[in-house]
Amino acid sequence: MIAITLHTAEDAHSWGMQLALTLAAGDVVALCGTLGAGKTQITRGIVAGMNSQAAVTSPTFTLVHEYLDGRLPVFHFDFYRMDSAAEVIGIGWDEFLTEPGVVIVEWADMFPELLPPHTRWFHIEPQTGGERVVTESSKS
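Notes on the structure in this doc start here. Remember, it's a predicted structure, so these values are computed and weren't measured experimentally.

1. As for the pairing of strand β4 (residues 74-78)
Then, in step 1: Across the 5 residues of β4, 5 count as buried, placing the element largely inside the fold.
Then, in step 2: The alternating pattern of β4 places Val74, His76 and Asp78 and Phe75 and Phe77 on opposite faces, both of which are buried.
Then, in step 3: Judged from the 4 bridges that link them, strand β3 (residues 64-67) and β4 form a sheet pairing that is antiparallel. Across the sheet, Tyr67 pairs through a bridge with Val74, a residue of β4.
Then, in step 4: Joining the antiparallel neighbours β3 and β4 is a turn of 6 residues.
Then, in step 5: Relative to strand β5 (residues 102-106), β4 runs parallel, the two being bridged by 5 bridges. Residue pairing in the sheet places Asp78 in a bridge with Glu106 of β5.

2. Focus: a nonpolar patch on the surface
Then, in step 1: Together, Leu35, Tyr80 and Met110 make up a nonpolar patch on the protein surface, roughly 280 Å² of accessible area in all.
Then, in step 2: Looking at where Met110 falls in the secondary structure, it is placed in the loop between β5 and β6 (120-126).
Then, in step 3: Relative accessible area serves as the criterion here: at 33%, Met110 is assigned to the partly exposed category.

3. What to know about the sheet that holds strand β2 (residues 28-32)
Adjacent strands of a sheet form backbone hydrogen bonds with each other and so pair up, either parallel or antiparallel.
Then, in step 1: The 7 strands lie next to each other as β1-β7-β6-β2-β5-β4-β3, forming an open sheet whose pairing is mixed. Looking at strand neighbours, the two that pair on one side only are β1 (2-6) and β3, the edges of this open sheet. Shown here is a sheet whose adjacent strand axes are inclined to one another by a mean of 20°, direction ignored.

4. Considerations on helix α2 (residues 39-49)
Then, in step 1: Of all 11 residues making up α2, 8 are buried, and the element is well covered by its neighbours.
Then, in step 2: By the burial criterion, the buried members of α2 are Lys39, Thr40, Ile42, Thr43, Gly45, Ile46, Val47 and Gly49.
Then, in step 3: Of the residues one or two after α2, Asn51 is the one with positive phi, at around 65°.

5. Some thoughts on helix α1 (residues 9-20)
Then, in step 1: An ideal rise of 1.5 Å per residue puts 16 Å on 12 residues; α1 measures up with 17 Å between its terminal C-alpha atoms.
Then, in step 2: Here the buried face of α1 lies against β1, β2, α2, β6 and β7 (132-137).

6. Quick look at a negative patch on the surface
Then, in step 1: On the surface, Glu66, Asp94, Glu95 and Glu99 cluster together into a negatively charged patch.
Then, in step 2: Relative to the helices and strands, Glu99 resides in the loop between α4 (93-97) and β5.

7. Brief notes about the pairing of β5
Then, in step 1: When you tally the buried positions in β5, you get 5 out of 5 residues, the bulk of the element.
Then, in step 2: In β5, alternate side chains face the same way, and those of Val102, Ile104 and Glu106 on one face and Val103 and Val105 on the other are all buried.
Then, in step 3: Pairing of β2 with β5, which is carried by 4 bridges, proceeds in the parallel orientation. Opposite Val28, over in β5, you have Val103 as the bridge partner.

8. Focus: the nonpolar core
Then, in step 1: Ranked by internal contacts, the top residues of the largest apolar core, which has 22 residues, are Val29, Ile42 and Ile46.
Then, in step 2: Mapped by element, the contributors of at least two residues to this core are α1, β2, α2, β5 and β6.
Then, in step 3: Counting residues per element, this core draws most heavily on α1, at 4 residues.
Then, in step 4: Those residues in contact with Ile46 that sit more than four places away from it in its chain are Gly16, Met17, Leu19, Ala20, Leu23, Val29 and Ile104.
Then, in step 5: Among the nonpolar cores identified, the runner-up in size contains 21 residues, and Val28, Leu63, Ala85 and Val103 belong to it.

Cut-offs applied
- Residues numbered from 1 in each chain as written.
- Predicted model: local features only at pLDDT ≥ 70, side-chain atom pairs only at ≥ 80, totals over all residues.
- Heavy atoms only, no water.
- Buried < 20%, exposed > 50% of the residue type's maximum accessible area, 1.4 Å probe, protein only.
- Helix = DSSP H or I, 4+ residues; strand = E, 2+ residues; numbered from the N terminus.
- Pairing = 2+ DSSP bridges.
- Patch = residues over 30% accessible without salt bridge, like charges linked within 9 Å, V, L, I, M, F, W, Y side chains within 5 Å.
- Areas by Shrake-Rupley, 256 points an atom, 1.4 Å probe, with all protein chains shown as cover.
- Salt bridge = Lys/Arg side-chain N within 4 Å of Asp/Glu carboxyl O.
- Axes fitted to C-alpha atoms, helices over the stretch in contact; angles between N-to-C directions.
- Expected span 1.5 Å × (residues − 1).
- Contact = heavy atoms within 4.5 Å.
- Lys, Arg positive; Asp, Glu negative; His and termini not counted.
- Charge placed at Lys NZ, Arg CZ, Asp CG, Glu CD.
- Core = buried A, V, L, I, M, F, W, Y, C linked by side-chain atoms within 4.5 Å.

And the structure:
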């Protein structure tokens, strides 16, 4: 496992931009962490790293945002307000996984069984000094 420390919101954005360079069509990125951990800030970086001009916001109430103007389409999910795996499937989850783009899921650990085996899992842990430690693992 590799861990990286992000000292500021700008670091989270920059790290997301760097991560975007490693992503290809069909990749799934799972972002796990508490409220305010920086999941959306990292997503902003990923979308910017795809050369999208979109204004990224958390899809907490719309469930999915689509950013289609970059190098690859990005489909940004937030499982936080979802009540069940069936509800996620009901919004077309399986269809998004077959799109030629990148799927990013905030709160992915709520329904890990829905994510494919090749998912890249990132756990974000806020520290007492305001930093965030991001650890990548192969599972939730």
